[in-house]
Each structure stands twice: as C-alpha cells, then as structure tokens.
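Inside the fold
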Amino acid sequence: MRYLCRVGFLKSYSIDNPLYLPFIKSQSCLLSSHSKSSKLHPSKNGHNKSQTESETKSIGSLFSEIAEILGAETVTDGRYPDVFSESKGTQLSFSEVSAEYTSCTQGVRRIAEENTREQVNLSVLEDTQARSSGGNDVSPIVEEITNIVRAETGGGSMEERLEKSGLVLNSEVVEKVLKRCFKVPQLALRFFSWVKFRNGSCYTTRTYNTMLYIAGEAKDFGLVEKLIGEMEEKGCEKDIKTWTILISHYGKAKLIAKALLILEKMRESGCEPDAAAYMILIRSLCNAQKAEIALEFYKEMVQMEMQLDMSLYKLLLTCLAGCGDIAGFQLVADDMIKGSQIPERDVFSCMLKSFCIAGRIREALKLIHDLNDKNLTLEPDDFETLVKGLCKADRITDALEIVDIMKKRKVLDAKTHGIIISGYLRRNDIPRAFDLLQRMTESGYVPTVSTYTELMQHLFRLNEYQKGCKLYVEMLERGVEPDSVAITAMVAGHVRQNRISEAWKVFNSMQERGLRPTWKSYSVFIKELCKISRTDEIIKVLNEMQASEIVVGDEIFNWIISYLEKKGETEMVQKVMQMQRTCKLYPKEHEASGNNVPKILAHNLDLYSKQLESGSMNFHLVEHIPKTNNEQDLQEICRVLSTSTGWCLIEEALERCTVQFTPHLVVKILRNCSLHVHAALRFFSWVGKRDGYSHTTETYNMGIKILGCGKNFKDMKNLFFEMRRKGHPITPDTWTIMIMQYGRAGLTEIALRNFAEMKADNCKPNGSTYKYLIICLCGRKGRKEDEAIKLFQEMIRAGYVPDKELVETYLKCLSQAGKLLDGRRCIEALRKLGFTIPLSYSLYIRALCRAGRLEEAVALVDEVGTERVKLDQYIFGSLVHGLLRRGRLKEALEKVDSMKEVGIHPTVHVYTSLIVHFFKEKQMEKALETFQKMKEEGCKPTIVTYSALIRGHMDMGNIVDAWNVFRLIQREGPFPDFKTYSMFISSLCKVGKSEEALQLLSEMLDSGIVPSTINFRTVMFGLNTEGKHSLASTVLQKKLALKSKRMLLA
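Residues numbered from 1 in each chain as written. Predicted model: local features only at pLDDT ≥ 70, side-chain atom pairs only at ≥ 80, totals over all residues. Heavy atoms only, no water.

1. Structural notes on the overall build of the protein chain
A count of helices and strands for the protein chain gives 56 helices and 2 strands. For the protein chain, buried positions account for 53% of its 1050 residues. When the accessible area of the protein chain is evaluated, it comes to approximately 47300 Å², of which 50% is carbon and sulfur surface. (Helix = DSSP H or I, 4+ residues; strand = E, 2+ residues; numbered from the N terminus. Buried < 20%, exposed > 50% of the residue type's maximum accessible area, 1.4 Å probe, protein only. Areas by Shrake-Rupley, 256 points an atom, 1.4 Å probe, with all protein chains shown as cover.)

Spelled out as structure tokens, the structure:
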C-alpha cells in the first residue's frame, strides 16, 4: 500500500500582393501589451535595471552562449534575423520529430493527426487455422458459430439458432468466437450469457480474461468487478494475464489508486508482475502525470534487470521533465546509455525533445551546452526540436536566431519556417505570420501543406473567406498537393459561408486526388452543417459516410440527434436513432465476415495468448435477456428526461422505451440527470413501480443525494424513512450523504443531530462520514470549530487517516479561529500517522499564511531542523504570498532570490502572487513583465494566473486587453471556470459594460457552466443601471428558463 498514499498529494509574392498587404500593414496583435522582448532584449528601465539584470542573467546569458556555440556570429537587432538575404541553398530532407512532439498545427489538423497516431498503434492479426491441444481443427465450428451470432437475419433469435445448431462447444471455441465478435459487443455478451447458463464448464481463466478485456475496453468497471467475483465463485484462478488486464484498463481510465490496489492484491496472491505489467503501469502513471510513483516502479524494474522499450523511455522522460524532477530525469537518461546501451547521441535527442515538450527551455539550453562539452554535434532534427520548444514557450525572437544559425549551416527548410509561422498564429499575430510567409516564398521556399492549412483556418475564423480561398488556389498553383486535412479546412470555410455546392465539390475532389475522406473529415463537415442548420445536407453526409464503410460512432450520431432535438424535428430524431442502433448491432459486411481483426499493441499481445483484439465499445451485460443496457440506453433515457416539457410527455416516452431497467442503470440515469431534479425524482418513482424491478440501497442513496443537492430536505428525509420502511439496509454512506447535504447548506446543527442519530442506530461512521462532517463544520456557513476539533480527534482514535483535503480545510479553520495550539496538536497527530515532518509542517504553515498569520508561520519554520531544505520547497510559494499580502515586496523578492540560490525556481503560485501584487499597486508594466518572464522560464500559467491578468486589466481600465486574454484561454486553455466567468462578469458590470457581461453569461451557459443567482442579479442590476431595461428582461428570461429546466413541474 506504500504507493496508494501518494495518489492523493503538449510562386513568389511582391509587397503589393493583395492577399498579404492588409495583414502586413495591420498592427493587430493579441495581448499587444504583453509583446515584450525575450531575455536577449531585457528592459532598460533604469529603476529596475539591477533587478532585471539578475532575473535575466541566467537564461539570457545561457542562450547567448548557446547561440555562440551553435555558430551565431552576430545577433540580429531587427524584428527578424536576415534569414532570407541569400538564395535558398541546398535543402536537406530529414526526418520529422517523433510522434510525442508533433507539429504545432492547430484545429482540424491536430485532431486528425491524433486520430492517425491511434490508428498506427493497431495492426492486423491473422486468425489462422486454430487447433486445440489435441490437434483437432476447431476453425469450422468457430466460423459457423460466429456466423450465427453475427447474422443480421434468420429464423428466430440468436439463442434459438444456437440451440438448433447442435454444435459442441468447448472453452477454446467460446474464446475464439468472442474474439471474432469484438466489433459487436452486445452480441458477444449475449453469446457469453447464453453459454454460461447452458454449459458452465466452458468457462476457464482464459475465457474470463477475454471477457475482462472486453469489459475494460468499454470502461464498464461494474461488469469487470462482477466478472472477477464470478471467477472467484467458479474457482477460476487469476493468472498474471488476469492481473495485467485489470491494471491496464484501470490505468488507461486514470483510476490510478485502483490500479495500484490491484497491483498490491496481485502481489498478495503470490503472483509477481512481469516486465509487461510494469511497463503498462508506468505508462498509465505517466499519462496521469504521476511522475514520482512512475519513477519508483521504474527503479524496481532496473533492480530486477528489466528494460523499457524506447517509446516508454521517451514518455517517462517527458513526464519527469514536465513535473520538474530533473534528478530522476537524469537517472533515467543515464540508464538508457549505460544499462540499455542506447547510443548517447540518440539519448540526447530524446532528452532535448522531452525538455522542449515540457517547456523546460532553461534545461534544454543547458543540455545543448553539455553536448558541446562532449564534442557531440547538433543534428538538423535537434535544431528543429529546439525551434519548436522556443515557439511553444512563446520565445519566437530566440527561435528566429536558431533559424539564422540553421540557414548558415544550410539545414533550413520550409518546415522550420512553418513552425515559426505556427508560433505567430498561436499568438494570433496574423501580420507577422503573413510577413514571414511572404519572405520565405520570395526566397524560394515552398510552404508545406500544413502551413497553408493553418493559415487558411485562421483566415476563415477571421471571416476572411476570399483570402482563404485565394491561399488555397495559391497552394495548388505552387504544386503543393493538398491532403485530407487541408481539403477539410476548405470545406469548413465554404460551409460557414453557406456555399454548400462548393463545399461538396471540394470534398469530392479527395477521391479524384486518390485520397479517402477520414472520420474526422466527415465529422467536421457535419459539425459545420449543424451550425448553419442544414438538416438535409447533414443526412446526406451521414449517408455518404455509411456508404464509404467508415464506422460513424456514437459521437457523430449524438451531435446530430442533439441538433435535431433543438430544432424540434422529432421524426428525424427517431430515424437517426434507428440508424445508430443498426450500426451498433450490425456492422458492415466486410467487418463481420473477414478473418482479420485489429489487435492491440505488440507488447500487450502476449498478455492475451497472442490473440486478444481491441475495439471501441459501450455496453452493459444483463443476464437472461437479449436486450442490453448499454450506453445508448442511458443516453436515450437521459434525453427523454431532459428535453421534454412536462411529466405526462416524459411518461409517455418512457412507456414506449424498450429498455430493461436495472439498479445499476437507474443510478447512472439519476446521476446524469441530477440537474433536472423533479424529472429525475419522478422517474425514480415511476421506475420503482415497474414489474420486475426493485430499488436497492444504491438507488435510494442517489435519490437522497439529488434531493439534498436541490435543498429539498423534507422529501430527502421522507425518502430515507421510505428506504428504512421497505427494509433496505441503511449504510454509513446513506447517513454520510444526508449529513453532507445538510452541512453544505450551512445547517450544521441538523448535520450533527443526524450524526448522533447514526450512532444511536448502531451504524458506525466511516472515514467519509468524519471527513465531510468536519469539512462542513469548518466551512464559512455554520462554522463550529470546537465540534470540528472533537470530531477530528475522534476520527484519529477510530483509526481513520485524514486525507490532504481534510487536513488543509481543518488547519485553515483553526488558523482563522486563532486555535493555534490545536493546530500544533494536529500536526503531531499527523506525524504519528506516518506523515513526514516537512509535509505535516508545510500543511500548517500554508494554512497560517492564508489566514494572514505570517509571524506564526515564520516561527514554525524556524522550529524545523535538518529537514528545513525539503520544507522550504513545500512552503516557498505560501511564504511569498503571505509577504505580498502584507505589502512586503522587498522581503518577498529576497525570499525568491534566496530560493533560486539553492536551486528552487519560482512556482506558478509565486508568479501569480507577484502579478496580483503589481496590479494591486497599479504597476501594470511590472505585472506584464512578470507574466512574460513566467512563460520564458517554462512555468505554465494556470487559470488562476489568467484570471489575475483579466482582473488586473479590468482594474486598470484595459477592457480590450482583458477580452484578449479571455479569448486566448477560451481558444487554447486553460479553459475558464465558474470563478473566472463570475469575476469577469462582475468586473464588466462595474465599469458600465453590462451588455458585454450579458454576452459572457450566454457563453457561460453554452459552455455547460451553470451561472449562479448572483451572476444573473449582477448583470440585471448593471443593465438596469445603464438604462437598458429591455436587455435586463432577457436576463430574467434566461434565469427562468434555466430554473424551469432544473425544476420541471407537472
């Protein structure tokens, strides 16, 4: 269990060319006030000269040194280096950077390339003559049964036809039939159920492994647990493949704690993980950004003399670089050279790519410096990687200097220019992007198709339709052959202008050019048609997609169904839903009849007897019945509950459904429809009266939770009494849900009474009960510090270990209430529970800083002895934040400098605190310089950082800049959350921009974030104050519409 405790804590044009000129002359630039020079061109403000020099010294001087090493004899002072002054030299063709660091292409191209990479991971495994251990050929039997299971038509049900066939089944036949039915999981599960009740002897560990894999691919972990239970009941022993399948699927679903728990159980059973299991787990941990745990498992592999493959080495390096674990990063790199005997030159390239992907430019430059010391030369693809990394870190000026070096070494090509152009486009700096495009074409470089595609996409987004079309024509005239992504971008541009005939003409040109439209091409076409409400064309594209034998998938069907429902085209909805069912039940003939089936990656094949294939599926197994409660059933019921306007219509629609309800499905429906409180509870009552169905403790718990979230406490308690009256077990979770709902509403007295009733009912509180009750007692509403202290001590005595969330909340409450002695008792208790000294002290020090008790926090730091260095890493940001809140800027900066001296770089918390402070002091230039420096140092801003920028610009009256920042995060992330929207709405209303706040309110709803009553009230008050009473009434209408959606009346 040692890993579980850690889970919680990327043709030449002249200057008068009509296509380029408007962009070259225009000066529009997103976040223009942010456009500072890189560290090579520091600010010359005399007042801040010494500070600026110290801040820029390390990375600025390092880059200058690297530039000198690489061959930059002079540094260009102009906006661009003179990379076009000579005619194009010899053009070298070198390989692209690996898949982990693909080009910066945005939009359609990026998503399409991701889909392509996923397809590359699949190969074909031929299911040849399968022979049993006795040498008998079972292929004819497997083929015949597969035809019965997958037949679209025939006399009687599948089960009846199987009974009539009289074929003899054994475990090998069953396993192979299931594998051949992976494209139709519903039918595979029906076959599985039929065999289980007809001939239980056919079920072996291998068969269950196959079923576990299928269930895991569908992310139906309830079914996974059920299958594991069946294995134990039937005495089927779990082998290493069973455990590895479980670890793999829980890991892919990012259920890391569960995956680690499975590993512990695996070891307890006496089965030690092999290299494949370790690699699957490390891959999952890296994908979940759990670098520290991944490194520990890697070390275990090294101790057991196991080696990683190259792709996993790259993933682990990237993960460690992203998390800032440079020591671990260097350890893995050294092992690659010494242990795995990978050439040092190849390892260097992997390290450079990983640093650039993670935005660690400082480390990347130091690596190049070390490369020079070892007399290793930089290859062309390394230059390209560095250019990409610099552009990603928004250091385009520095990237251009590398381009200048590449030109001198005669390794510059159009692809590198495309990277720079992509960087400008990411900044939304259209003029410089087109300026660079013109310069490269005048120098004889032909832009790549990806560069043209990105530029066209940006032009279409700016509603520059004619210029986008001209650019496409120019691409063709230059002999650049468009790919499916470029053609799809052009199709989208035509559709946005409602030029459907032109869109179809371009789309059909794919086949003329020998290209086959991809799933992404069709999906973009359909999405754009939905935006302009062209139902007939949508159905036409859908039919075309089916005719091309491309699997449509639930995602596209759901888009279309949602669009049709909004338009009220009920009949068309039913037709599309029928098409969806048909596609899921009966795949294309070429899928059903062939012997070739997709397989998973090579390193997973051994886990499944070299024959277990992968597929994308959604299902839920129901025994004894042909109909399965799959994801489609869930969506169908949720759609009925959320789109109808009255219970009578909902009930009629439910009665027409052929869904077989189970408690598991009902819980999912209630959870997904929790916003529609009344409709969900009406459904709860309706389904409870149906024949053959009975509610369980879990369904009652979900009903109680929904009522509590809606603050309908009377009905919540009545449902609890009904649950008890009908004899359902009242579990600790039931009590915890009620206590939590009362506490969140600030009704802590009632929550405490329920806690006392729980004990009187002989129901023992669990860890969750204590956690949520204490958190509620520590909240702003209904705070009761003394009761929280008693319960925390009781929780410790009961043997429950508090998690990080609970400890932080509890200590914050104690700090704010001035109960410092109880805070000390808390950290002492944590140490006895196994918390380290730095960790326990850091939690308390952070709480003190947030409560404004800076002196007490500093005094506590001084008490720590030998582990002070580790503690400083934890509390660095909190101390700086506390100093800045007191206005002690000089001391805060001294603290930052002292931490730098010991190798601890400022965190996002520190940078954000500085930005907030400078804006508060009306020092906008310093705030923006800090933000720019933050990005240059490879510290990625969070939504809190961007929110601080937006608030700062609004406070300074820079409304345009605030909108620019907001649009940037809407487009590229981190995406705005509820707090960001609320802050921006409030700020706009304060400065008389309530109409813009109303627009923001609509965007908030469209993004799936529910505005609060205060949000509506703020916008209404602002509009009325500005005399815009008609607009204020529309806000009220929006509020009432949202309320009616959430509280559907009979």
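2. Observations regarding the packing of aromatic side chains
The full count for this structure, using the stated rule, is 25 aromatic pairs. When the centroid spacing of 5.7 Å and the interplanar angle of 85° are considered together, the rings of phenylalanine 661 and tryptophan 686 count as edge-to-face. On the criterion of sequence distance, the pair formed by phenylalanine 661 in the loop between α34 (647–656) and α35 (663–672) and tryptophan 686 in helix α36 (residues 677–688) is long-range, its members being 25 residues apart. Residue phenylalanine 661 shares its accessibility class with tryptophan 686, and that shared class is buried. One aromatic cluster is present, built from ring pairs that chain together Trp504, Phe507, Tyr522 and Phe525. Directly above the aromatic system of tryptophan 504 lies the positively charged group of lysine 540, at a separation of 4.5 Å from the ring centroid. Of note, lysine 717 hangs over the ring of phenylalanine 720, and the distance from its end group to the ring centre comes to 5.3 Å. (Phe/Tyr/Trp six-rings, centres within 6.5 Å; stacked < 30°, edge-to-face > 60°. Lys NZ or Arg CZ within 6 Å of the ring centre and 35° of its normal.)

3. Section: the pattern of salt bridges
All chains considered together, the criterion is met by 44 salt bridges. The partner of lysine 935 in a salt bridge is aspartate 394, with the nearest N and O atoms 3.0 Å apart. Of this pair, lysine 935 sits in helix α50 (residues 924–936) while aspartate 394 sits in the loop between α19 (380–392) and α20 (396–408); the two residues are 541 residues apart in sequence, bridging distant segments of the chain. A relative accessible area of 17% means that lysine 935 is categorised as buried. Salt bridges sharing partners connect three or more residues here, namely Glu855, Arg886, Arg888 and Glu891. (Salt bridge = Lys/Arg side-chain N within 4 Å of Asp/Glu carboxyl O.)

4. A look at the side chain of glutamine 438
With respect to the helices, strands and loops of the structure, glutamine 438 is situated in helix α22 (residues 430–442). A residue is classified by how much of its surface remains accessible, and glutamine 438, at 3% relative accessible area, is buried. Within the local environment of glutamine 438, its side chain forms a polar contact with the side chain of glutamate 442, the two groups lying 2.9 Å apart. (Polar contact = N/O pair within 3.5 Å; in protein donor to acceptor, adjacent residues only side chain to side chain.)

5. Some details on the nonpolar core
Membership of the largest hydrophobic core comes to 165 residues, with the highest contact counts inside it found for Phe191 and Ile420. Among the elements that line this core, the one with the most residues is helix α15 (residues 310–322), at 8 residues. If sequence neighbours within four positions are ignored, isoleucine 420 has contacts with Val387, Cys391, Ile396, Ala399, Leu400, Val403 and Leu436. Within the second largest apolar cluster, 134 residues are counted, among which are Leu654, Val687, Phe966 and Ile985. (Core = buried A, V, L, I, M, F, W, Y, C linked by side-chain atoms within 4.5 Å. Contact = heavy atoms within 4.5 Å.)

6. Examining the environment of lysine 520
For lysine 520, the location among the structural elements is in helix α27 (residues 519–531). Since its relative accessible area comes to 11%, lysine 520 is described here as buried. C-alpha separation for the pair lysine 520 and serine 484, spaced 36 residues apart in sequence, amounts to 9.3 Å.

7. A look at the environment of alanine 997
Relative to the helices and strands, alanine 997 is located in helix α54 (residues 994–1006). Residue alanine 997 is classed as buried on the basis of its relative accessible area, which comes to 0%. Through-space distance from the C-alpha of alanine 997 to that of serine 986 is 7.8 Å; in sequence the pair is 11 residues apart. With residues near it in sequence (within four places) discarded, alanine 997 still touches Ile985, Leu988, Cys989 and Val1019.

8. Here's the deal with the confidence of the model for the protein chain
Averaged over the protein chain, the pLDDT score is 76; the fraction of residues at 70 or greater is 79%. Helix α51 (residues 943–955) holds the highest mean pLDDT among the elements of the protein chain, 93, whereas strand β1 (residues 123–126) holds the lowest, 29. Overall, residues 72–135 carries pLDDT values under 50, and its contacts beyond four positions in sequence, including any with other chains, amount to 140 contacts. Here residues 587–629 scores under 50 on pLDDT; set against residues more than four positions off or in separate chains, the count is 132 contacts. (pLDDT = per-residue confidence, 0-100.)

9. Concerning helix α18 (residues 361–373)
Under the 1.5 Å per step criterion, the end-to-end length of α18 is 19 Å for 13 residues, consistent within 8% with the ideal 18 Å. If you check which residues of α18 are buried, you get Ile361, Arg362, Glu363, Ala364, Leu365, Leu367, Ile368, His369 and Leu371. A positive phi of about 60° marks asparagine 375, the residue just after α18. (Expected span 1.5 Å × (residues − 1).)

10. Re the environment of leucine 833
Mapped onto the elements, leucine 833 comes out in the loop between α44 (820–832) and α45 (837–850). Overall, the relative accessible area of 30% leaves leucine 833 in the partly exposed class. Taking C-alpha positions, leucine 833 is 9.4 Å from tyrosine 800, a pair spaced 33 residues apart along the chain. For leucine 833, the contacting residues outside a window of four places in its chain are Ile796, Val801 and Pro802.

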